[in-house]
Amino acid sequence: MSETANPAEEELLERLRKADNPGVEAREILAEGQRRLDERFPEAPIRELVESRSDLVDQVLRAAWQLTGLEQQGGPALVAVGGYGRGELHPQSDVDLMILCGDTPDGETCSRIETLIALLWDTGLEIGHSVRTLDECEQLAARDITVATNIMEARTLAGETQLLDTLAERTGPERLWPPDQFYEAKRGEQVLRHSKHNDTEYNLEPDIKNAPGGLRDVQMVGWVAKRHFGVNRLGQLISHGFLTDNEYSILQKCQDFLWQIRWALHMVTGRNENRLLFDYQREVASLLGFRDSESNLGVEKFMKLFYRADLALSVLNEVLLQLFDEAILRSDEKQSIRPLNRRFQVHNDYLETTGEHTFMEHPSALLEMFVVLSENPELKGVRASTLRQAIEQRKLIDEDFRNDPANAELFMQLIRSPYSLFTQLRRMKRYGILGQYLPEFGRIIGMMQYDLFHIYTVDAHTLLVVKNMRRMRREETREQWPLACDVFYQLPRPELLYIAGLYHDIAKGRGGDHSQLGAEDAIAFCRRHGLSNWDTKLVAWLVRSHLIMSVTAQRKDISDPAVVHEFAREVGDLVHLDYLYVLTVADINATNPALWNSWRASLLRQLYSETKRALRRGLNNPVNKEDWIQETRAEALRLLERSTVSREQVEKLWSGIGDEYFLRENARDIAWHTEALLNRADPEEPLVLIRESATGPFQGGSQVFVYTPDVENLFAATVNALDQLNLTIMDARIITSADGFSLDTYTVLDEHGTPIGDDRSRIRAIEIRLRKTLRNPENFRDVIRRRMPRRNKYFDVPTEVIISNDLANDRTVVDIKTLDRPGLLARIGRIFMEFRLLVQNARIDTLGEKAEDVFFVTDHRGEPISDPQLCRELQEHLRRELDQSEEETIG
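Summarised in this report is the structure supplied together with it. (Residues numbered from 1 in each chain as written. Predicted model: local features only at pLDDT ≥ 70, side-chain atom pairs only at ≥ 80, totals over all residues. Heavy atoms only, no water.)

With that settled, consider the sheet that holds strand S2 (residues 95–101). As summarised here, the arrangement of the 4 strands in space is S3-S2-S1-S4, forming an open sheet in which the pairing is mixed. Both outer strands of the open sheet, strand S3 (127–133) and strand S4 (155–159), are each paired with one neighbouring strand and no more. Geometrically, the sheet is characterised by an average inter-axis angle of 25° between neighbouring strands, direction not taken into account. As paired elements, strand S1 (residues 77–80) and S2 share 4 bridges and run antiparallel to each other. Bridge pairing in S2 places Leu78 opposite Ile99. Its contacts with the sheet put helix H6 (residues 134–143) on S2 and S3, and the angle it makes with S3 is roughly 110°. (Pairing = 2+ DSSP bridges. Helix = DSSP H or I, 4+ residues; strand = E, 2+ residues; numbered from the N terminus. Axes fitted to C-alpha atoms, helices over the stretch in contact; angles between N-to-C directions. Contact = heavy atoms within 4.5 Å.)

Structure (structure tokens):
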């Protein structure tokens, strides 16, 4: 039977005895102790704090046990289980307890136990408890691996100590869950746990306990080691040959860092929180001493270190579990060894070196290993012993190694490999080889960008770009990216595309223009790897220009022939266009899956097609606008020949519209609008037409066409109504006819990022709502107010406004970047209305938490804004109002 351990516990027990409410007194004791521990954070060693927190709770629980009279000969035992059983507690960790009884407790003991539990609830601790006999524990442990695991980690806090010893004997590996069954069950748990976190260490809001590379992976190794080897500390695995001194040091350092994060999370949230949500990342980073610099935010530095620690733990977990697999499950398995060359052989379907010193004697084998894997796709991976050798010897990759033409040829052999390029590059990154061979890549490993647009770290995004490129070779990908797959097969040398993919974001986080800096790195790579001047220039241009196609498609009016012609001049020829298009599709899809929708796909497809046509026509032969108008009118008339309207009716209607309409709309839509306008039953009623866009630059969304008398607040009223209908506006083309009517086309997607489709009831509801709004747009008053998404609240996005004049098209361009929020377009529309500005066109783009919208406006006379003072006032008003509305929405 246990005894009160020291005078401090005696003093604590005395305080509880004297207290009117022992539970409340215990709560105050715990709070005092925790305040002292928090004052020492983060300077004090985290292991000392974690153990001290456990000791503090031990003292309170032992005193409570004594106070309730449960300390008696032959009585029950108070047992700590789970993390508390290991003596590891963070400020808000659950305190898992088991009251272990030899037999079913009598009535008096049950009453005392109930008193104890009531007292413990008053302490404020998150208590998880059970009352079980030895027989019940044995039965539960036989059925449930979790119970068996908890018993392995249990320790007696108070009461009859012999009970836990007896339980350990009855549930040990000789009786229940022998090491092979235990290992298989725990490995299955890990696979399931990792799958819930997308099998990646790089989640945007990671779970530091349960995700790959998290604390649970460390515990997993400890459980298996204890069950098989009977060791209580991971350091004891060194003597068993399963862990090196260096690996143990890495494991300790990474675990300590994750413990620091968990302690800080509990301090910030006041609860048992293991998720590094955006809500807490900045504050946790600040608590741990990370500060902003000119090129990186403190939170970005913090998350980079976190991701690197997570990756290191994940690789260690992989190595150790493979070693356990061989020792526990396959120790009696027949060994099959097949030589491949002087340096490598296949050992039971895994690649291994032919000797312990292979990498020291042949450093090039550090790269050759991945070439061999790519040439033998049937192999399961690298054997743990070989992987350990590679990690220990990767320091051999130095400047002389990188400049060795033989090594450059090996790397290019991998880049040109027809099989598993992405898989091998990912392995190279995990094992620290890629970052060692390409130091510029090593600098971006774990680098995050603190926004909702980039949901992967830079290194993970980069390899996903390459993965997307490789997927374009497969027939099953054609449905997702039909044009990109066709274009990919036209590329003369795909390896140049892969190199551009590797380098397009390589210079992020350095300050300056990452595209330009990355192009310089790409040139150095190409020269070191023996590429021709033409290939080098192409790769460098792709890296330097990797954003121009998406920016042009999403932020400029690609229905304007001048925009297409200017883009064609930047591209120069069809070969550059093909490479750039495939790179752009791969890049967008690897940045954030939510970004790629039918709308963006159609914009890029249209820009590609129009640019290709312009290049074939010749850069010195741009489209004449008058010819464009005549061709569009002629094609629309041809389409209308099959309708019930006469040519005279059509010409009369068109005579009051103006040329701009025929420049900015395609023939198919003009015919659709014209027929509906001439056949409508009530000419006084606003006309609303809805259908999916099937052709032109607006394919991939649903078109909402509005024809109604023009008034100043029409745009604001319309976008507010569409917002209330949960429709996302991707594009707006606002055209005012000579006779005072507005012909407006909004391209929209529903809340799922897809076109409205042929849902007649949904279309009808939209038509009714818009007609009601358009009948009295002057009654538009209140901008929609909805709750801002949780994640958006934690980003500081000061509004940026750039105003310039597009003299070629006689309009002013207002470029706005601000925090996205419900009702944003309506707010902007109202400000334009206050300044008596008319919106002619708009390109709407949401990138994570940031809205980047471009508006083409004129004054009320249809002229560009020529007054510099008015431009300054508009700019300042937009900034002030949008930043103020951001605060209101967050609040």
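Moving on from the coordinates now.
Together, Glu626, Asp627, Glu631 and Asp659 give the surface a local cluster of negative charge. Looking at the element boundaries, Glu631 is found in helix H31 (residues 625–640). Overall, Glu631 belongs to the exposed group, its relative accessible area being 58%. (Patch = residues over 30% accessible without salt bridge, like charges linked within 9 Å, V, L, I, M, F, W, Y side chains within 5 Å. Areas by Shrake-Rupley, 256 points an atom, 1.4 Å probe, with all protein chains shown as cover. Salt bridge = Lys/Arg side-chain N within 4 Å of Asp/Glu carboxyl O. Lys, Arg positive; Asp, Glu negative; His and termini not counted. Charge placed at Lys NZ, Arg CZ, Asp CG, Glu CD. Buried < 20%, exposed > 50% of the residue type's maximum accessible area, 1.4 Å probe, protein only.)

Counting through the fold element by element, Thr161 comes out in the loop between S4 and helix H8 (162–170). The class of Thr161 is partly exposed, set by a relative accessible area of 34%.

Time to look at the side chain of His673. Within the secondary structure, His673 sits in helix H34 (residues 667–679). By relative accessible area, His673 is classed as buried at 0%. A polar side-chain atom of His673 sits 2.7 Å from a polar atom in the side chain of Tyr661. Excluding residues that lie within four positions of it along the chain, His673 makes contacts with Tyr661, Glu665, Leu689, Phe705 and Thr745. (Polar contact = N/O pair within 3.5 Å; in protein donor to acceptor, adjacent residues only side chain to side chain.)

The subject of this paragraph is helix H10 (residues 215–229). If you check H10, its first and last C-alpha atoms are 21 Å apart, about what 15 residues at 1.5 Å a residue would give, namely 21 Å. Taken across its 15 residues, H10 has 11 buried, putting it largely inside the fold. Listed in full, the buried residues belonging to H10 are Leu215, Asp217, Val218, Gln219, Met220, Val221, Trp223, Val224, Ala225, Arg227 and Phe229. Tucked into the core, H10 has its buried residues touching helix H7 (145–152), helix H9 (179–195), helix H11 (245–269) and helix H13 (298–329). At the exit of H10 stands Gly230, carrying a positive phi of roughly 75°. (Expected span 1.5 Å × (residues − 1).)

Right, let's talk about helix H27 (residues 548–555) for a bit. Within H27, 7 of the 8 residues are buried, which leaves the element mostly enclosed by the surrounding structure. Of the residues making up H27, those classed as buried are Ile548, Met549, Ser550, Thr552, Ala553, Gln554 and Arg555.

This part takes up the packing of aromatic side chains. By convention here, two paired aromatic rings are described through the distance between centres and the angle between planes. Per the counting criterion, the structure on display carries 21 aromatic pairs. Aromatic pair Phe411 and Tyr437: ring centres 5.1 Å apart, planes at 40°, arrangement tilted. Separated by 26 residues along the polypeptide, Phe411 in helix H18 (residues 405–415) and Tyr437 in helix H20 (residues 433–437) bring together distant segments of the chain. Comparing Phe411 with Tyr437, the two get one shared label, buried. Ring centres of Tyr581 and Tyr608 lie 4.9 Å apart, and the angle between their planes is 40°; on these two criteria the pair is classed as tilted. Residue Tyr581 is located in helix H29 (residues 574–591), and its partner Tyr608 is located in helix H30 (residues 598–617); the two are separated by 27 residues in the primary sequence. Here Tyr581 matches Tyr608 in class, with each residue buried. Through a chain of ring-to-ring contacts, the aromatic side chains of Phe401, Phe411, Tyr437, Tyr503 and Phe525 assemble into a single cluster. (Phe/Tyr/Trp six-rings, centres within 6.5 Å; stacked < 30°, edge-to-face > 60°.)

In this fold, Lys429 is placed in helix H19 (residues 421–430). Ignoring any residue separated from it by four or fewer positions in sequence, one finds Lys429 in contact with Tyr202, Leu311, Leu434, Phe441, Ile445, Asp459 and Leu463.

Taken as a whole and judged by the stated rule, the model has 51 salt bridges. Notably, a salt bridge pairs Glu48 with Arg40, separated by 2.0 Å at the nearest N-O pair. Looking at Glu48, the relative accessible area reads 36%, which means it is partly exposed. Across the pair Arg493 and Asp535 runs a salt bridge whose closest N-O atoms are separated by 2.7 Å. Of this pair, Arg493 sits in the loop between helix H23 (482–488) and helix H24 (494–503) while Asp535 sits in helix H26 (residues 533–544), and the two are 42 residues apart along the sequence. Under the relative-accessibility criterion, Arg493 is labelled partly exposed at 32%. The exposure class of Asp535 is buried, given its relative accessible area of 8%. Each of the salt bridges in this network shares a partner with another, and the network as a whole consists of Asp135, Glu138, Arg170 and Arg175.

This part is about the pairing of S3. In the sheet, S2 pairs with S3 via 7 bridges, with the strands oriented parallel. Bridge pairing in S3 links Val95 to Ile127.

We now examine the pairing of strand S11 (residues 728–736). With respect to burial, S11 is a largely interior element, 7 of its 9 residues being buried. Where S11 and strand S12 (residues 741–749) come together, 8 bridges link them in antiparallel fashion. Considered in S12, the bridge of Arg733 is made with Thr745. In sequence, S11 turns back onto S12 through a hairpin of 4 residues, with Gly740 there showing a positive phi of about 85°. Pairing between S11 and strand S15 (residues 838–843): 3 bridges, direction antiparallel. If you follow Ala732 over to S15, its bridge partner there is Ala842.

Time to look at the sheet that holds strand S8 (residues 381–382). The mixed open sheet is built from 4 strands, whose spatial order is S5-S6-S7-S8. Pairing within the sheet leaves two strands with one partner each, and these edge strands are strand S5 (337–339) and S8. In the sheet, S5 pairs with strand S6 (residues 344–347) via 3 bridges, with the strands oriented antiparallel. For Pro339, the partnering residue across the bridge sits in S6 and is Gln345. Contacts from helix H15 (residues 365–375) reach S6, strand S7 (350–353) and S8, with the element oriented near 50° to S6.

The next thing to look at is the packing of H18 against H24. It is the contact of H18 with H24, at a shortest axis distance of 10 Å, that shows an interaxial angle of 105°. In terms of orientation, H18 lies roughly perpendicular with respect to H24. Facing Phe411, Met412 and Ile415 of H18, the residues of H24 in contact are Glu495, Tyr498, Ile499 and Leu502. By residue class, the composition of the contact of H18 with H24 is 6 nonpolar, no polar and 1 charged. (Parallel < 35°, antiparallel > 145°, perpendicular 65-115°, else oblique. Nonpolar A, V, L, I, M, F, W, Y, C, P; charged D, E, K, R; others polar.)

Ranked by size, the top nonpolar core spans 159 residues in total, and within it Leu237, Ile261, Phe302, Phe324, Phe411 and Leu425 carry the most contacts. Broken down by element, this core gets its largest block of residues, 16 residues, from H13. Beyond its immediate sequence surroundings of up to four residues, Phe324 is in contact with Tyr183, Val221, Val224, Ala225, Phe229, Leu237, Phe242 and Leu329. If you look at the next biggest cluster of nonpolar residues, it comprises 43 residues, including Val748, Ile763, Val814 and Ala842. (Core = buried A, V, L, I, M, F, W, Y, C linked by side-chain atoms within 4.5 Å.)

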